[in-house]
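So you can see what is in the structure, the chains are spelled out below.
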Amino acid sequence: MKRYASTRVDHLQIAIPAGGEEAARAFYGALLALRELPKPPELLARGGLWFRSGSVAVHLGVDPDFRPAKKAHVAIACAEYATLLERLRAAQVGIQPDALPFEGRAHCYVADPFGNRIELIDDAPLPSHEDAAEPTIVAVATPPGHGAISIVRASGAGARALAAKLTAGAALAPRHATHVTLVDEDGRPLDDALALFFPAPHSATGEDVVEFHLHGAPVLARELVRAAIACGARQAEPGEFTRRAFLAGKLDLDGVGAIGDLIAAETASAARAALANLGGGLRAQIAGMRATLREPLERLAASIDFPDEVEEPARGPLAAMLGELESELVRLQRDGEVGRLLREGVSLAIVGPPNAGKSSLLNAFLGEERAIVSDLPGTTRDSIEERFVIDGVAVRAIDTAGIRAHADRIEALGIERSQRAFESARVLLLVLDASAPLSEQAERLLARSEGRARIVFFNKADLGTSAVRAVSGHSVIGSTFWSQSLRELRAVIAQVGWGAAHPDLERAHLAFGGQFDAVARALDALRSARAALAAGEPLDLVGNDLRLVDAALAQLSPAEASEEMLASIFARFCIGK
């Protein structure tokens, strides 16, 4: 065996039996992706086969006296190690992995058709503890509070050594749960637990990762984190595990955002929408759009440089293609807005004069007595925010203090908060008493909310409807005691809040503010190109706009991100994720 060092292997000689050339071609050529080439002059007289790739050259020499005792053990450097293993598994070739790295590289063993033991070694070295730029980080990965288990996660080049200290030297088999006794930095027992080791680069972060599954007492998880820090680890920052996964190429930027959305999801619809982005669907969609633009852009450039040889693109098909692209961008923009509603929910301010039934309406929406209800005006003196779901969209309802001119000092503070909710909410639900003439405060609220996204609910219709009149926008006449009124209000909230649209939750959507800006820029440039095309302008002017469209699309799903962008994304992550 020729020893594999940090430089690539130049030449290996492997013996095969006479008549084994076809089997050798199938294995070394097809499976190991080596090319069969004419033998170098110095090997012409020796017979056999000569294979070469960018990493290695292999001479398969025919041995008429091939015997089992002469079977070789050879090492081959593999430039695309992971792809090679997939190809071998697909061909049902047995692979014997080795958990311990060989000279800092992942490796495994297979047998060729003649029983030669082939050691396959990854050309890319694993991160070494000595050269690691990043320290080992540790954090609790489960939510705070009591439960069946708590999980503490560590990631970094020193994670395996850290696990050895915290488990009193227990041997951890890769990707298997091992029963261990956890100890602190002084060797004192902490808990009976399970430990799982995920060696780099085949882990969530691309680094060595160790997870400890403890009993669910919060104090145990805190003590283990403290002991890990005492043993040399560092407390992880919010989102740092995911950040390392991104930097290691395990996730793209869309996947990072999807994980954040998935963690924060409050409804099943929001979770499904986040999963749609996790699979890289948006990146594929943008790549398809840019591929559509590539042919006309290249043809335009060629027709300008070589007008006598290359014709300009035909205007009719180009106009049709741009129209389809605009429709796709508009749909992406619309789906992004609906996706934002699914992530963030819709704010609904329930406003109105005192004693109009605002708190009763909130209780009816929630199906429980959340707000105090009384016949006395001014019972609600502070804003109460609760959440309910309509068609998979979270509605954040704010029950506000009744707005009136004369109030004591405490009630006035509640009214001030009501005014802020009135101004900031996406949808206003104005509750009025339909059984009595409208008060001066009610008239003022109707006038102030004119032109806003609002719903006027004439409540207490079970007691009379003397105050009901035509108003602009949407209105419902009913009572908080009538189930039909609640059904009508839910339908109208969906209509006013998000157009009652049912988004395709399986389709990827925009997630960051910068992506919305990029779509807007792409649409502006695309519409300019379509206008120039319709006006018969020279196609080189159209080409300038199309290049702007392509540049904006490139910003929708960038391969790289600035530190400012990453900081804004990971700021909303929890510690331990």
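Rules behind the numbers
Residues numbered from 1 in each chain as written. Predicted model: local features only at pLDDT ≥ 70, side-chain atom pairs only at ≥ 80, totals over all residues. Heavy atoms only, no water. Core = buried A, V, L, I, M, F, W, Y, C linked by side-chain atoms within 4.5 Å. Buried < 20%, exposed > 50% of the residue type's maximum accessible area, 1.4 Å probe, protein only. Helix = DSSP H or I, 4+ residues; strand = E, 2+ residues; numbered from the N terminus. Contact = heavy atoms within 4.5 Å. Pairing = 2+ DSSP bridges. Axes fitted to C-alpha atoms, helices over the stretch in contact; angles between N-to-C directions. Phe/Tyr/Trp six-rings, centres within 6.5 Å; stacked < 30°, edge-to-face > 60°. Lys NZ or Arg CZ within 6 Å of the ring centre and 35° of its normal. pLDDT = per-residue confidence, 0-100. Parallel < 35°, antiparallel > 145°, perpendicular 65-115°, else oblique. Nonpolar A, V, L, I, M, F, W, Y, C, P; charged D, E, K, R; others polar.

Details of the nonpolar core
One finds Leu293, Leu322, Leu332, Leu546, Val549, Leu553 and Leu556 to be the most contacted residues of the largest nonpolar core, which totals 30 residues. Elements supplying a minimum of two residues to this core: helix H8 (281-305), helix H9 (315-344), helix H14 (513-534) and helix H15 (539-554). In terms of residues, this core owes the most to one element, H14, which gives 10 residues. Setting aside residues no more than four positions away along its own chain, Leu322 makes contact with Leu293, Leu526, Ala529, Arg530, Leu533 and Leu546. If you look at the next biggest cluster of nonpolar residues, it comprises 28 residues, including Leu49, Phe51, Leu84 and Phe114.

Considerations on the sheet that holds strand E9 (residues 137-140)
Taking strand neighbours across the sheet as the criterion, the six strands line up as E11-E12-E13-E10-E9-E14 in an open arrangement whose pairing is mixed. The open sheet terminates on both sides in strands that have one partner only, identified here as strand E11 (178-183) and strand E14 (234-235). The sheet contact formed by E9 and strand E10 (residues 149-155) spans four bridges and is antiparallel. Residue pairing for E10: Ile137 is matched across the bridge by Ser155. Against the sheet, helix H3 (residues 159-166) contacts E10, E11, strand E12 (189-198) and strand E13 (209-215), and its axis sits at roughly 30 degrees relative to E13. Where helix H5 (residues 240-247) meets the sheet, its contacts fall on E9, E10 and E14, and the angle it forms with E9 comes to roughly 135 degrees.

Structural notes on the environment of Leu556
By the secondary structure assignment, Leu556 is in the loop between H15 and helix H16 (563-570). Under the relative-accessibility criterion, Leu556 is labelled buried at 0%.

A word on the packing of aromatic side chains
Overall, the coordinates contain two aromatic pairs when judged by the stated rule. Summarising the aromatic geometry, the rings of Phe27 and Tyr28 are spaced 5.0 Å apart at their centres and angled 80 degrees between planes, so their arrangement reads as edge-to-face. For Phe27, a relative accessible area of 4% corresponds to the buried category. Aromatic side chains Phe365 and Phe388 sit 4.7 Å apart centroid to centroid with 15 degrees between the ring planes, which places their arrangement in the stacked category. Taken together, the residues Phe365 in helix H10 (residues 358-366) and Phe388 in strand E16 (residues 384-390) connect sequence positions 23 residues apart. Here Phe365 and Phe388 have matching classes, each one buried. In this arrangement the basic side chain of Arg117 is found over the ring face of Tyr109, its NZ or CZ atom lying 3.9 Å from the centre. Across from the ring centre of Phe241, 5.5 Å away, lies the NZ or CZ of Arg153, which sits over that ring.

A closer look at the sheet that holds strand E4 (residues 57-63)
Read across the sheet, four strands follow the order E1-E4-E3-E2 without closing on themselves; strand pairing throughout is mixed. Each edge of the sheet is formed by a strand with only one pairing partner; in this case those strands are strand E1 (12-17) and strand E2 (35-36). As defined by bridge partners, E1 adjoins E4 across six bridges and the pair is classed as parallel. Considered in E4, the bridge of Pro17 is made with Asp63. In the packing of helix H1 (residues 21-31) onto the sheet, the strands contacted are E1, E2, strand E3 (49-52) and E4, and the crossing angle to E3 comes to about 5 degrees.

Things to note about the pairing of E16
Here seven bridges tie E16 to strand E17 (residues 393-399), and the two strands are oriented antiparallel to one another. Residue pairing across strands places Ile390 opposite Val393, the latter belonging to E17. Between E16 and E17, which pair antiparallel and follow one another directly, the connecting turn spans two residues, one of which, Asp391, has a positive phi of 55 degrees.

Structural notes on H1
Given 3.6 residues per helical turn, the α-helix brings residues three or four places apart onto the same face. Every buried residue of H1 is accounted for by Ala24, Phe27, Tyr28, Gly29 and Leu31. Packed against the buried residues of H1 are E1, E3, E4, helix H2 (81-90), strand E7 (105-111) and strand E8 (117-122). Count one or two residues on from H1 and you reach Ala33, which has phi positive near 60 degrees.

Quick notes on the confidence of the model for the protein
Residues of the protein with pLDDT of at least 70 account for 74%, and the chain-wide mean is 77. H16 is the least confidently modelled element of the protein, averaging 55 in pLDDT, while E13 averages 94, the highest of any element. Note on residues 371-382: pLDDT is under 50 here. Beyond four places in sequence and across chains, it has 34 contacts. Taken as a whole, residues 402-408 scores under 50 in pLDDT and shows 26 contacts with residues more than four places along the chain or in a different chain.

A look at the packing of H10 against helix H13 (residues 483-498)
It is at 11 Å that the axes of H10 and H13 come closest, and there the two elements cross at 85 degrees. Taken together, the axes of H10 and H13 lie roughly perpendicular to each other. Here Leu361, Ala364 and Phe365 of H10 come into contact with H13, specifically with Leu486, Leu489, Arg490 and Ile493. Of the residues contributing to the contact of H10 with H13, the split by class is six nonpolar, no polar and one charged.

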